[in-house]
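Geometric and topological summary
Each chain, written out:
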Amino acid sequence: MQERPRRDTFLPFSRPMIGEEEIAGVVDTLRSGWITTGPRSARFEEALAAFNEVPRCLALLSATTGLELALSALGIGEGDEVITTAHTFVCTVSNVVLRGAVPVLVDVEPDTMNLDAGRIAERITPRTKAILPVHYGGLPCRMDRIWEIARRHGLAVVEDAAHTMGARYAGRRIGSDPRSAFSVYSFHPNKNLTTIEGGAIAFHDLRHEAHLKLQRFHGIARGAGTPYPEGSPLYDVPTPGRKSNFTDVQAAVGLAQLPKLDAFAARRRELARLYLSLLSEVPEVELPADGDAEREHCWNLFVLRNRPEATAMARDEMTAALKAENVGTGIHWQGLFSFSFYRDYFERHPEGLPKDGLPHAARTTENLMSLPLFPAMTEEDVLDVGSAVRRVVAAGRRRARAKERVWTESDRRVP
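Here is what the cut-offs are and how they apply
- Residues numbered from 1 in each chain as written.
- Predicted model: local features only at pLDDT ≥ 70, side-chain atom pairs only at ≥ 80, totals over all residues.
- Heavy atoms only, no water.
- Buried < 20%, exposed > 50% of the residue type's maximum accessible area, 1.4 Å probe, protein only.
- Helix = DSSP H or I, 4+ residues; strand = E, 2+ residues; numbered from the N terminus.
- Pairing = 2+ DSSP bridges.
- Salt bridge = Lys/Arg side-chain N within 4 Å of Asp/Glu carboxyl O.
- Patch = residues over 30% accessible without salt bridge, like charges linked within 9 Å, V, L, I, M, F, W, Y side chains within 5 Å.
- Areas by Shrake-Rupley, 256 points an atom, 1.4 Å probe, with all protein chains shown as cover.
- Contact = heavy atoms within 4.5 Å.
- Axes fitted to C-alpha atoms, helices over the stretch in contact; angles between N-to-C directions.
- Phe/Tyr/Trp six-rings, centres within 6.5 Å; stacked < 30°, edge-to-face > 60°.

1. Description of the pairing of strand S4 (residues 128–132)
A large share of S4 lies buried, amounting to four of its five residues. The pairing of strand S2 (residues 81–85) with S4 spans four bridges and is classified as parallel. When the sheet's bridge partners are listed, Val-82 is paired in S4 with Ala-130. For S4 and strand S5 (residues 156–160), the ladder comprises two bridges, and the chain directions are parallel. Directly across from Ile-131, in S5, lies its bridge partner Val-157.

2. Here we look at the pattern of salt bridges
Tallied over the full model, the rule gives 36 salt bridges. Glu-284 is the salt-bridge partner of Arg-397, the closest N and O atoms lying 2.7 Å from each other. Of this pair, Arg-397 sits in helix H13 (residues 379–413) while Glu-284 is found in the loop between helix H8 (261–279) and strand S10 (285–286), placing the two residues 113 residues apart along the sequence. Between Arg-363 and Glu-309 there is a salt bridge; the shortest N-O distance is 3.3 Å. Taken together, the positions of Arg-363 in helix H12 (residues 359–367) and Glu-309 in helix H9 (residues 308–311) put the pair 54 residues apart, joining distant regions of the chain. Taking the relative accessible area as the measure of exposure, Glu-309 reaches 55% and is therefore exposed. Taken together, the salt bridges that share partners define one network made up of Glu-286, Arg-305, Arg-307, Glu-309 and Arg-363.

3. Regarding a nonpolar patch on the surface
A contiguous nonpolar patch, built from Ile-18, Ile-23 and Val-27 and spanning about 220 Å² of accessible area, is present on the exposed surface. Looking at where Ile-23 falls in the secondary structure, it is placed in helix H1 (residues 20–32). Residue Ile-23 is classed as partly exposed on the basis of its relative accessible area of 40%.

4. Description of the environment of Ile-174
Structurally, the position occupied by Ile-174 is in the loop between strand S7 (172–173) and strand S8 (182–186). For the pair Ile-174 and His-135, spaced 39 residues apart in the sequence, the C-alpha separation amounts to 9.5 Å. Those residues in contact with Ile-174 that lie beyond four places of it in its chain are Asn-52, His-135, Pro-140, Glu-159, Ala-161, Thr-164, Ala-167, Arg-168, Tyr-169 and Tyr-185.

5. Here's the deal with the sheet that holds S8
With mixed pairing, seven strands are arranged side by side in an open sheet as S1-S9-S8-S5-S4-S2-S3. Of all the strands in the sheet, just strand S1 (56–60) and strand S3 (102–106) have a single pairing partner and so form its edges. Pairs of neighbouring strands in the sheet enclose a mean axial angle of 25°, with direction left out of account. Relative to strand S9 (residues 199–203), S1 runs antiparallel, the two being bridged by five bridges.

6. A few points about the packing of aromatic side chains
This structure, assessed with the given rule, holds 14 aromatic pairs. Here Phe-44 and Phe-246 contribute two aromatic rings whose centre-to-centre distance is 5.4 Å and whose plane-to-plane angle is 10°, an arrangement assigned as stacked. Of this pair, Phe-44 sits in helix H2 (residues 39–52) while Phe-246 is found in the loop between helix H6 (209–216) and helix H7 (248–257), placing the two residues 202 residues apart along the sequence. With respect to burial, Phe-44 and Phe-246 carry one shared label: buried.

Quick look at the structure:
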(Lines give C-alpha, C1' and ligand atoms only; values in the text may rest on other atoms or scores of the structure.)
Protein backbone atom coordinates (compact mmCIF):
# COMPACT_ATOMS: atom_id res chain seq x y z
CA MET A 1 0.00 0.00 0.00
CA GLN A 2 1.05 3.60 -0.56
CA GLU A 3 2.06 5.11 2.75
CA ARG A 4 -0.04 8.02 3.96
CA PRO A 5 0.98 10.81 6.34
CA ARG A 6 -0.15 11.08 9.95
CA ARG A 7 -3.82 12.05 10.26
CA ASP A 8 -4.67 15.66 11.11
CA THR A 9 -7.76 14.68 13.13
CA PHE A 10 -8.36 12.01 15.74
CA LEU A 11 -10.24 8.90 14.61
CA PRO A 12 -12.05 7.15 17.51
CA PHE A 13 -12.31 3.37 17.54
CA SER A 14 -16.13 3.64 17.47
CA ARG A 15 -18.82 6.21 16.80
CA PRO A 16 -22.61 5.63 16.98
CA MET A 17 -24.57 6.03 13.75
CA ILE A 18 -27.28 8.52 14.71
CA GLY A 19 -29.23 10.04 11.81
CA GLU A 20 -32.10 12.45 11.38
CA GLU A 21 -34.63 9.61 11.68
CA GLU A 22 -33.39 8.77 15.19
CA ILE A 23 -33.44 12.44 16.22
CA ALA A 24 -36.95 12.96 14.85
CA GLY A 25 -38.17 9.82 16.61
CA VAL A 26 -36.80 11.01 19.96
CA VAL A 27 -38.33 14.47 19.51
CA ASP A 28 -41.72 12.95 18.67
CA THR A 29 -41.48 10.72 21.74
CA LEU A 30 -40.63 13.63 24.03
CA ARG A 31 -43.54 15.62 22.64
CA SER A 32 -45.92 12.70 23.06
CA GLY A 33 -45.69 12.89 26.85
CA TRP A 34 -45.00 9.13 27.10
CA ILE A 35 -41.26 8.72 27.55
CA THR A 36 -40.89 5.64 29.74
CA THR A 37 -42.04 2.08 28.87
CA GLY A 38 -45.02 2.39 26.54
CA PRO A 39 -46.27 1.87 22.99
CA ARG A 40 -42.94 2.50 21.24
CA SER A 41 -41.22 -0.05 23.48
CA ALA A 42 -43.86 -2.62 22.53
CA ARG A 43 -43.39 -1.85 18.83
CA PHE A 44 -39.63 -2.14 19.17
CA GLU A 45 -39.94 -5.55 20.84
CA GLU A 46 -42.18 -6.79 18.01
CA ALA A 47 -39.73 -5.46 15.41
CA LEU A 48 -36.79 -7.12 17.23
CA ALA A 49 -38.56 -10.47 17.33
CA ALA A 50 -39.35 -10.26 13.61
CA PHE A 51 -35.80 -9.22 12.69
CA ASN A 52 -34.18 -11.95 14.78
CA GLU A 53 -36.72 -14.60 13.70
CA VAL A 54 -37.68 -15.50 17.28
CA PRO A 55 -41.10 -15.80 18.93
CA ARG A 56 -40.37 -13.15 21.58
CA CYS A 57 -37.84 -10.45 22.44
CA LEU A 58 -38.07 -8.38 25.61
CA ALA A 59 -36.19 -5.07 25.66
CA LEU A 60 -34.24 -4.34 28.83
CA LEU A 61 -32.06 -1.78 30.55
CA SER A 62 -28.91 -3.63 29.40
CA ALA A 63 -27.56 -6.88 28.01
CA THR A 64 -26.05 -7.46 31.46
CA THR A 65 -29.58 -7.60 32.88
CA GLY A 66 -30.57 -9.94 30.05
CA LEU A 67 -27.92 -12.45 31.11
CA GLU A 68 -29.02 -12.12 34.73
CA LEU A 69 -32.66 -12.81 33.83
CA ALA A 70 -31.73 -15.75 31.61
CA LEU A 71 -29.83 -17.44 34.45
CA SER A 72 -32.68 -16.64 36.82
CA ALA A 73 -35.25 -18.19 34.47
CA LEU A 74 -33.16 -21.37 34.27
CA GLY A 75 -33.04 -21.59 38.07
CA ILE A 76 -29.24 -21.31 38.18
CA GLY A 77 -28.24 -20.92 41.81
CA GLU A 78 -26.03 -21.88 44.71
CA GLY A 79 -23.69 -24.77 43.96
CA ASP A 80 -24.39 -24.87 40.21
CA GLU A 81 -21.74 -24.45 37.53
CA VAL A 82 -21.96 -22.56 34.24
CA ILE A 83 -19.35 -23.20 31.55
CA THR A 84 -18.24 -20.07 29.73
CA THR A 85 -15.30 -18.51 27.94
CA ALA A 86 -12.17 -17.21 29.65
CA HIS A 87 -12.16 -14.20 27.31
CA THR A 88 -15.21 -12.07 27.95
CA PHE A 89 -16.46 -8.86 29.47
CA VAL A 90 -16.71 -9.10 33.25
CA CYS A 91 -20.54 -9.10 33.30
CA THR A 92 -20.65 -12.61 31.81
CA VAL A 93 -18.94 -14.20 34.81
CA SER A 94 -20.25 -11.67 37.36
CA ASN A 95 -23.83 -12.68 36.60
CA VAL A 96 -22.95 -16.31 37.30
CA VAL A 97 -21.24 -15.39 40.58
CA LEU A 98 -24.14 -13.17 41.66
CA ARG A 99 -26.46 -16.16 41.28
CA GLY A 100 -24.27 -18.11 43.72
CA ALA A 101 -23.02 -20.40 40.94
CA VAL A 102 -19.43 -20.97 39.80
CA PRO A 103 -18.24 -19.85 36.35
CA VAL A 104 -16.19 -22.69 34.86
CA LEU A 105 -13.78 -21.21 32.34
CA VAL A 106 -12.73 -22.70 29.00
CA ASP A 107 -9.86 -21.40 26.87
CA VAL A 108 -10.46 -19.75 23.50
CA GLU A 109 -9.63 -20.72 19.95
CA PRO A 110 -6.39 -18.94 19.07
CA ASP A 111 -7.67 -17.71 15.70
CA THR A 112 -11.24 -16.58 16.52
CA MET A 113 -10.89 -15.72 20.24
CA ASN A 114 -14.22 -17.53 20.71
CA LEU A 115 -14.93 -20.28 23.24
CA ASP A 116 -13.11 -23.48 22.18
CA ALA A 117 -15.99 -25.94 21.82
CA GLY A 118 -13.51 -28.81 21.75
CA ARG A 119 -12.61 -28.13 25.40
CA ILE A 120 -16.15 -27.95 26.82
CA ALA A 121 -16.88 -31.64 27.46
CA GLU A 122 -13.87 -32.10 29.74
CA ARG A 123 -15.17 -29.29 31.99
CA ILE A 124 -18.63 -30.80 32.57
CA THR A 125 -19.40 -32.13 36.06
CA PRO A 126 -22.61 -33.26 37.81
CA ARG A 127 -23.02 -29.63 38.93
CA THR A 128 -23.00 -28.17 35.40
CA LYS A 129 -26.32 -26.62 34.43
CA ALA A 130 -25.62 -24.45 31.37
CA ILE A 131 -23.14 -23.40 28.68
CA LEU A 132 -22.75 -19.67 28.08
CA PRO A 133 -20.85 -19.00 24.83
CA VAL A 134 -19.87 -15.43 23.89
CA HIS A 135 -19.82 -14.55 20.17
CA TYR A 136 -16.73 -12.37 20.14
CA GLY A 137 -16.38 -9.29 17.97
CA GLY A 138 -19.28 -10.23 15.70
CA LEU A 139 -18.17 -13.77 14.72
CA PRO A 140 -20.48 -16.56 15.92
CA CYS A 141 -19.10 -19.46 17.95
CA ARG A 142 -19.18 -22.98 16.52
CA MET A 143 -22.72 -23.51 17.76
CA ASP A 144 -23.45 -26.95 16.25
CA ARG A 145 -20.71 -28.44 18.43
CA ILE A 146 -21.96 -26.57 21.50
CA TRP A 147 -25.60 -27.58 20.96
CA GLU A 148 -24.60 -31.23 20.49
CA ILE A 149 -22.63 -31.25 23.75
CA ALA A 150 -25.54 -29.56 25.53
CA ARG A 151 -28.00 -32.12 24.13
CA ARG A 152 -25.89 -35.09 25.23
CA HIS A 153 -25.51 -33.78 28.77
CA GLY A 154 -28.93 -32.18 29.25
CA LEU A 155 -27.60 -28.61 29.56
CA ALA A 156 -29.18 -25.29 28.67
CA VAL A 157 -27.44 -22.91 26.25
CA VAL A 158 -27.50 -19.14 26.78
CA GLU A 159 -25.88 -17.13 23.96
CA ASP A 160 -24.13 -13.90 24.90
CA ALA A 161 -24.81 -12.23 21.55
CA ALA A 162 -23.93 -8.69 22.66
CA HIS A 163 -21.65 -8.29 19.60
CA THR A 164 -23.62 -10.28 17.03
CA MET A 165 -27.12 -9.01 16.38
CA GLY A 166 -27.21 -8.97 12.60
CA ALA A 167 -24.80 -11.91 12.17
CA ARG A 168 -25.93 -15.33 10.98
CA TYR A 169 -25.01 -18.90 11.83
CA ALA A 170 -25.78 -21.60 9.22
CA GLY A 171 -27.93 -19.06 7.39
CA ARG A 172 -30.04 -18.15 10.43
CA ARG A 173 -30.06 -15.02 12.55
CA ILE A 174 -28.20 -15.32 15.84
CA GLY A 175 -30.79 -16.27 18.45
CA SER A 176 -33.23 -17.86 16.00
CA ASP A 177 -32.30 -21.48 16.70
CA PRO A 178 -34.46 -22.98 19.46
CA ARG A 179 -31.58 -25.15 20.65
CA SER A 180 -30.51 -22.08 22.64
CA ALA A 181 -32.80 -21.29 25.56
CA PHE A 182 -31.94 -17.59 25.46
CA SER A 183 -29.90 -15.15 23.39
CA VAL A 184 -28.98 -11.73 24.73
CA TYR A 185 -28.23 -8.63 22.61
CA SER A 186 -26.60 -5.33 23.55
CA PHE A 187 -27.50 -1.85 22.25
CA HIS A 188 -24.60 0.05 23.82
CA PRO A 189 -23.32 2.96 21.65
CA ASN A 190 -20.38 0.91 20.34
CA LYS A 191 -22.61 -1.93 19.09
CA ASN A 192 -23.89 -2.32 15.52
CA LEU A 193 -27.31 -1.07 16.65
CA THR A 194 -27.68 1.36 19.52
CA THR A 195 -30.55 2.62 21.67
CA ILE A 196 -28.11 4.81 23.67
CA GLU A 197 -28.01 2.10 26.34
CA GLY A 198 -30.08 -1.05 26.48
CA GLY A 199 -30.33 -4.68 25.52
CA ALA A 200 -32.81 -7.45 24.82
CA ILE A 201 -33.39 -11.10 25.61
CA ALA A 202 -34.73 -13.44 22.91
CA PHE A 203 -36.36 -16.77 23.73
CA HIS A 204 -38.46 -19.55 22.20
CA ASP A 205 -40.23 -21.14 25.17
CA LEU A 206 -43.07 -18.73 25.93
CA ARG A 207 -43.48 -20.26 29.39
CA HIS A 208 -40.52 -18.05 30.40
CA GLU A 209 -42.31 -14.84 29.48
CA ALA A 210 -44.27 -14.30 32.70
CA HIS A 211 -41.15 -14.82 34.84
CA LEU A 212 -39.04 -12.49 32.72
CA LYS A 213 -41.65 -9.74 32.76
CA LEU A 214 -42.00 -9.97 36.53
CA GLN A 215 -38.23 -9.84 36.97
CA ARG A 216 -37.93 -6.91 34.58
CA PHE A 217 -40.11 -4.62 36.72
CA HIS A 218 -40.10 -5.12 40.50
CA GLY A 219 -42.03 -8.42 40.38
CA ILE A 220 -45.23 -6.45 39.81
CA ALA A 221 -48.24 -8.36 38.44
CA ARG A 222 -51.56 -6.80 37.42
CA GLY A 223 -54.96 -8.13 36.42
CA ALA A 224 -55.58 -11.83 35.82
CA GLY A 225 -53.97 -14.12 38.37
CA THR A 226 -53.84 -11.40 41.04
CA PRO A 227 -56.41 -10.40 43.69
CA TYR A 228 -57.26 -7.31 41.58
CA PRO A 229 -59.36 -6.99 38.41
CA GLU A 230 -58.01 -5.81 35.05
CA GLY A 231 -57.72 -2.03 35.02
CA SER A 232 -57.34 -1.70 38.79
CA PRO A 233 -54.60 0.69 39.96
CA LEU A 234 -53.64 -1.94 42.55
CA TYR A 235 -51.19 -4.74 41.88
CA ASP A 236 -49.62 -7.81 43.44
CA VAL A 237 -45.94 -8.71 43.94
CA PRO A 238 -45.70 -12.51 43.76
CA THR A 239 -41.89 -12.42 43.67
CA PRO A 240 -39.14 -9.85 44.22
CA GLY A 241 -37.88 -8.35 40.97
CA ARG A 242 -35.46 -5.85 39.44
CA LYS A 243 -35.88 -2.47 37.77
CA SER A 244 -34.65 -3.06 34.25
CA ASN A 245 -37.39 -1.82 31.96
CA PHE A 246 -36.78 -0.14 28.60
CA THR A 247 -38.00 3.38 27.73
CA ASP A 248 -39.89 4.74 24.75
CA VAL A 249 -37.11 7.29 24.17
CA GLN A 250 -34.67 4.40 23.68
CA ALA A 251 -37.23 2.56 21.55
CA ALA A 252 -37.55 5.58 19.25
CA VAL A 253 -33.83 5.35 18.52
CA GLY A 254 -34.00 1.58 18.05
CA LEU A 255 -36.98 1.69 15.71
CA ALA A 256 -35.05 4.04 13.43
CA GLN A 257 -31.86 1.97 13.70
CA LEU A 258 -33.28 -1.48 13.05
CA PRO A 259 -34.10 -1.03 9.32
CA LYS A 260 -30.49 0.13 8.80
CA LEU A 261 -28.79 -2.72 10.66
CA ASP A 262 -28.09 -5.02 7.71
CA ALA A 263 -26.62 -2.10 5.74
CA PHE A 264 -24.48 -1.17 8.76
CA ALA A 265 -23.17 -4.76 8.90
CA ALA A 266 -22.48 -4.83 5.16
CA ARG A 267 -20.45 -1.62 5.41
CA ARG A 268 -18.51 -2.97 8.40
CA ARG A 269 -17.64 -6.08 6.35
CA GLU A 270 -16.31 -3.92 3.50
CA LEU A 271 -14.11 -1.92 5.86
CA ALA A 272 -12.93 -5.00 7.79
CA ARG A 273 -11.91 -6.79 4.61
CA LEU A 274 -10.00 -3.71 3.48
CA TYR A 275 -8.13 -3.84 6.82
CA LEU A 276 -7.43 -7.55 6.30
CA SER A 277 -6.03 -6.84 2.85
CA LEU A 278 -3.89 -3.90 3.98
CA LEU A 279 -2.41 -5.64 7.02
CA SER A 280 -2.03 -9.18 5.67
CA GLU A 281 1.67 -8.58 4.98
CA VAL A 282 2.47 -7.26 8.46
CA PRO A 283 3.62 -10.43 10.24
CA GLU A 284 4.29 -8.57 13.49
CA VAL A 285 0.54 -8.47 14.21
CA GLU A 286 -2.19 -11.12 14.28
CA LEU A 287 -5.39 -10.36 12.37
CA PRO A 288 -8.91 -11.41 13.37
CA ALA A 289 -10.58 -14.35 11.67
CA ASP A 290 -13.10 -13.59 8.95
CA GLY A 291 -16.40 -15.41 8.65
CA ASP A 292 -16.96 -18.47 6.47
CA ALA A 293 -19.80 -20.34 4.76
CA GLU A 294 -21.24 -21.32 8.16
CA ARG A 295 -20.53 -18.23 10.26
CA GLU A 296 -21.42 -14.80 8.86
CA HIS A 297 -19.39 -12.09 10.61
CA CYS A 298 -21.10 -8.77 11.40
CA TRP A 299 -17.80 -7.12 12.45
CA ASN A 300 -18.75 -5.29 15.61
CA LEU A 301 -15.01 -5.09 16.33
CA PHE A 302 -11.80 -5.35 14.34
CA VAL A 303 -9.36 -6.76 16.90
CA LEU A 304 -5.66 -6.68 16.15
CA ARG A 305 -3.18 -8.58 18.34
CA ASN A 306 0.37 -7.42 18.87
CA ARG A 307 3.26 -9.89 18.69
CA PRO A 308 5.54 -8.25 21.26
CA GLU A 309 8.44 -10.56 20.42
CA ALA A 310 8.37 -9.10 16.89
CA THR A 311 7.45 -5.46 17.54
CA ALA A 312 9.69 -5.03 20.62
CA MET A 313 6.84 -3.22 22.35
CA ALA A 314 4.04 -4.13 24.69
CA ARG A 315 0.41 -3.66 23.65
CA ASP A 316 0.06 -0.48 25.71
CA GLU A 317 3.11 1.02 24.01
CA MET A 318 1.56 0.24 20.64
CA THR A 319 -1.79 1.81 21.50
CA ALA A 320 0.01 4.92 22.79
CA ALA A 321 1.99 5.11 19.56
CA LEU A 322 -1.22 4.80 17.53
CA LYS A 323 -2.82 7.55 19.61
CA ALA A 324 0.14 9.76 18.70
CA GLU A 325 -0.78 8.99 15.08
CA ASN A 326 -4.36 10.25 15.83
CA VAL A 327 -5.76 6.71 15.74
CA GLY A 328 -7.94 5.62 18.65
CA THR A 329 -8.11 2.06 19.93
CA GLY A 330 -10.19 0.08 22.43
CA ILE A 331 -9.39 -2.87 24.70
CA HIS A 332 -11.95 -5.69 24.42
CA TRP A 333 -11.34 -6.94 26.99
CA GLN A 334 -9.07 -6.90 30.02
CA GLY A 335 -8.35 -10.40 31.28
CA LEU A 336 -10.47 -11.52 34.23
CA PHE A 337 -7.35 -12.03 36.32
CA SER A 338 -6.42 -8.36 36.11
CA PHE A 339 -9.31 -7.78 38.54
CA SER A 340 -8.63 -8.23 42.23
CA PHE A 341 -11.97 -9.90 42.92
CA TYR A 342 -11.46 -12.64 40.34
CA ARG A 343 -7.87 -13.32 41.34
CA ASP A 344 -9.16 -14.04 44.85
CA TYR A 345 -12.34 -15.76 43.67
CA PHE A 346 -10.59 -18.43 41.60
CA GLU A 347 -8.15 -19.11 44.44
CA ARG A 348 -11.23 -20.02 46.49
CA HIS A 349 -12.88 -21.82 43.55
CA PRO A 350 -10.08 -23.62 41.68
CA GLU A 351 -12.70 -25.85 40.05
CA GLY A 352 -13.45 -22.85 37.82
CA LEU A 353 -10.04 -23.10 36.14
CA PRO A 354 -8.69 -25.84 33.83
CA LYS A 355 -5.64 -27.67 35.15
CA ASP A 356 -3.58 -26.82 32.06
CA GLY A 357 -4.35 -23.11 32.33
CA LEU A 358 -5.74 -20.64 29.79
CA PRO A 359 -2.78 -19.88 27.53
CA HIS A 360 -4.67 -18.61 24.49
CA ALA A 361 -6.95 -16.33 26.51
CA ALA A 362 -3.98 -14.99 28.46
CA ARG A 363 -2.01 -14.17 25.32
CA THR A 364 -5.08 -12.64 23.69
CA THR A 365 -5.95 -10.29 26.53
CA GLU A 366 -2.34 -9.14 26.94
CA ASN A 367 -1.93 -8.18 23.29
CA LEU A 368 -5.26 -7.19 21.75
CA MET A 369 -6.53 -3.79 20.62
CA SER A 370 -9.65 -2.81 18.67
CA LEU A 371 -8.94 -0.61 15.67
CA PRO A 372 -11.46 2.01 14.48
CA LEU A 373 -14.46 0.40 12.77
CA PHE A 374 -17.86 2.02 12.23
CA PRO A 375 -20.04 2.51 9.13
CA ALA A 376 -19.36 6.24 8.71
CA MET A 377 -15.66 5.57 8.17
CA THR A 378 -14.27 6.05 4.67
CA GLU A 379 -11.79 3.92 2.79
CA GLU A 380 -9.33 6.77 3.33
CA ASP A 381 -9.78 6.40 7.09
CA VAL A 382 -8.89 2.71 6.86
CA LEU A 383 -5.87 3.55 4.70
CA ASP A 384 -4.77 6.08 7.34
CA VAL A 385 -5.05 3.49 10.08
CA GLY A 386 -3.23 0.89 7.99
CA SER A 387 -0.36 3.31 7.37
CA ALA A 388 -0.23 4.22 11.06
CA VAL A 389 -0.04 0.55 12.10
CA ARG A 390 2.72 -0.11 9.58
CA ARG A 391 4.72 2.93 10.79
CA VAL A 392 4.37 1.93 14.44
CA VAL A 393 5.35 -1.66 13.69
CA ALA A 394 8.29 -0.55 11.53
CA ALA A 395 9.57 1.67 14.36
CA GLY A 396 9.34 -1.29 16.72
CA ARG A 397 11.10 -3.52 14.23
CA ARG A 398 13.97 -1.03 13.91
CA ARG A 399 14.21 -0.84 17.69
CA ALA A 400 14.30 -4.64 17.94
CA ARG A 401 17.07 -4.86 15.32
CA ALA A 402 19.08 -2.12 17.03
CA LYS A 403 18.81 -4.03 20.29
CA GLU A 404 20.00 -7.20 18.55
CA ARG A 405 23.02 -5.33 17.13
CA VAL A 406 23.91 -3.99 20.58
CA TRP A 407 23.87 -7.51 22.00
CA THR A 408 25.86 -8.85 19.06
CA GLU A 409 28.57 -6.18 19.48
CA SER A 410 28.63 -6.85 23.20
CA ASP A 411 29.16 -10.57 22.56
CA ARG A 412 32.07 -9.80 20.26
CA ARG A 413 33.81 -7.79 22.98
CA VAL A 414 33.69 -10.67 25.44
CA PRO A 415 37.29 -12.04 25.74
